[in-house]
Amino acid sequence: MVREGRRRSWTLRPRTVRSQVTWTATALVALMLVLSAFGLVAAQQRVLTHGIDEALIQRADNIERDVVHGTFGSRLPNEGRDPEDSFLQVVDAEGNVVAVTDNATGLPAATGPLPRGADQVLGTVQDVALSNGEFRVLARPVHGTTFGPVTLVVGKNLDDVNESVSILKRSLAFAIPIVTGLLALLVWWLTGRVLRPVESIRREVASIEGHELHRRVPARGSGDEIARLA
């Protein structure tokens, strides 16, 4: 039983140069593709999230003066037509929401107290009851309002970002195995062509018997390693 097990495990290894080259090249390229895919997904998510952050900063810049002047009172203007896409909150020093967009009425403050001295804080939160998805939230301290020192909170849904990243992941998960398989076939074919003269030499040498020492193996005039071997 022991010998049979050893023989079976040994046969699982590539036993030819062609197999070894094919498996090694395929494994290395597959590893590089997977690592590149992780990097591409991370880069896309970072770029798209940065775009959301820029939009949040612009939105906060546009509404901050109106919050200071109390232009809208406790009802802040909605942005866009989708009630689950974005929201605004003004949170007082005790954590109470004192002004909010209509779509976020009744929701608790999306962020806690800001760190002392912070100009603004950007982060991703998942517990906003406005939608099941994640939200990118900007929190900025604002002074001189009719509510006293408050925190302006601007949130935007990350569904579009997550969907775009998910599509990229699915595309890569579909493409990488196909590319890897095609590469394995290509390497197998190219290695076979390169080693074909070696196989011819092997067959010729194997067929030479003791009384046929005058026979010669086929040799190419290319001057490469295989020609020198012949």
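Since the model is a prediction, treat every value here as computed from it, not as a measurement.

Chemist: Help me out: how do you make sense of the sheet that holds strand β6 (residues 148-157) in this one?
Modeler: Within a sheet, adjacent strands bond to each other through the backbone by hydrogen bonds, running parallel or antiparallel. Here we have six strands laid out as an open sheet, ordered β1-β3-β2-β6-β5-β4, and mixed in their pairing. Each having just a single partner strand, β1 (75-76) and β4 (121-125) make up the two edges of the open sheet. Sheet topology note: the strand β2 (residues 86-91)/β6 ladder contains six bridges and is antiparallel. Note that in β6 the partner of Val 91 across the bridge is Thr 151.

Chemist: Teacher, can you tell me more about a nonpolar patch on the surface here?
Modeler: Together, Phe 174, Ile 178, Leu 182 and Leu 185 make up a nonpolar patch on the protein surface, roughly 460 Å² of accessible area in all. Mapped onto the elements, Ile 178 comes out in helix α3 (residues 159-207).

Chemist: Explanation requested: the nonpolar core in the structure shown.
Modeler: Most often, soluble globular proteins have nonpolar side chains that are buried together. Core analysis: the biggest nonpolar cluster contains 22 residues, and Val 67, Leu 76, Val 90, Leu 152, Val 154 and Leu 172 have the highest contact counts within it. If you list the elements that add at least two residues to this core, you get α2 (17-69), β2, β5 (135-145), β6 and α3. Sorting elements by how many residues they give to this core places α2 first, with seven residues. What Leu 152 contacts, discounting residues up to four positions off in sequence, is Ala 60, Ile 63, Glu 64, Val 67, Gln 89, Val 90, Leu 138, Ala 139, Arg 140 and Val 142.

Chemist: Sorry if this is basic, but what is going on with the packing of aromatic side chains here?
Modeler: Here a ring pair, both rings aromatic, is described through the centre-centre distance and the interplanar angle of the planes. The full count for this structure, using the stated rule, is one aromatic pair. Relative to Phe 135, the ring of Phe 87 lies with its centre 5.7 Å away and its plane at 65°, an arrangement referred to as edge-to-face. In this pair, Phe 87 is assigned in strand β2 and Phe 135 in strand β5, connecting sequence segments 48 residues apart. Overall, Phe 135 belongs to the buried group, its relative accessible area being 0%.

Chemist: Explanation requested: the pattern of salt bridges in the structure shown.
Modeler: Pairs may arise between side chains of opposite charge once their charged atoms sit close together. In this structure the tally under the stated criterion is seven salt bridges. Between Arg 75 and Asp 102 there is a salt bridge whose closest N-O contact spans 3.6 Å. Of the two residues, Arg 75 is situated in strand β1 and Asp 102 in the loop between β3 (97-101) and β4; the sequence distance between them amounts to 27 residues. Beyond isolated ion pairs, a larger network of salt bridges with shared partners links Asp 61, Glu 64 and Arg 140.

What counts, and at which threshold
- Residues numbered from 1 in each chain as written.
- Predicted model: local features only at pLDDT ≥ 70, side-chain atom pairs only at ≥ 80, totals over all residues.
- Heavy atoms only, no water.
- Pairing = 2+ DSSP bridges.
- Helix = DSSP H or I, 4+ residues; strand = E, 2+ residues; numbered from the N terminus.
- Patch = residues over 30% accessible without salt bridge, like charges linked within 9 Å, V, L, I, M, F, W, Y side chains within 5 Å.
- Areas by Shrake-Rupley, 256 points an atom, 1.4 Å probe, with all protein chains shown as cover.
- Salt bridge = Lys/Arg side-chain N within 4 Å of Asp/Glu carboxyl O.
- Core = buried A, V, L, I, M, F, W, Y, C linked by side-chain atoms within 4.5 Å.
- Buried < 20%, exposed > 50% of the residue type's maximum accessible area, 1.4 Å probe, protein only.
- Contact = heavy atoms within 4.5 Å.
- Phe/Tyr/Trp six-rings, centres within 6.5 Å; stacked < 30°, edge-to-face > 60°.

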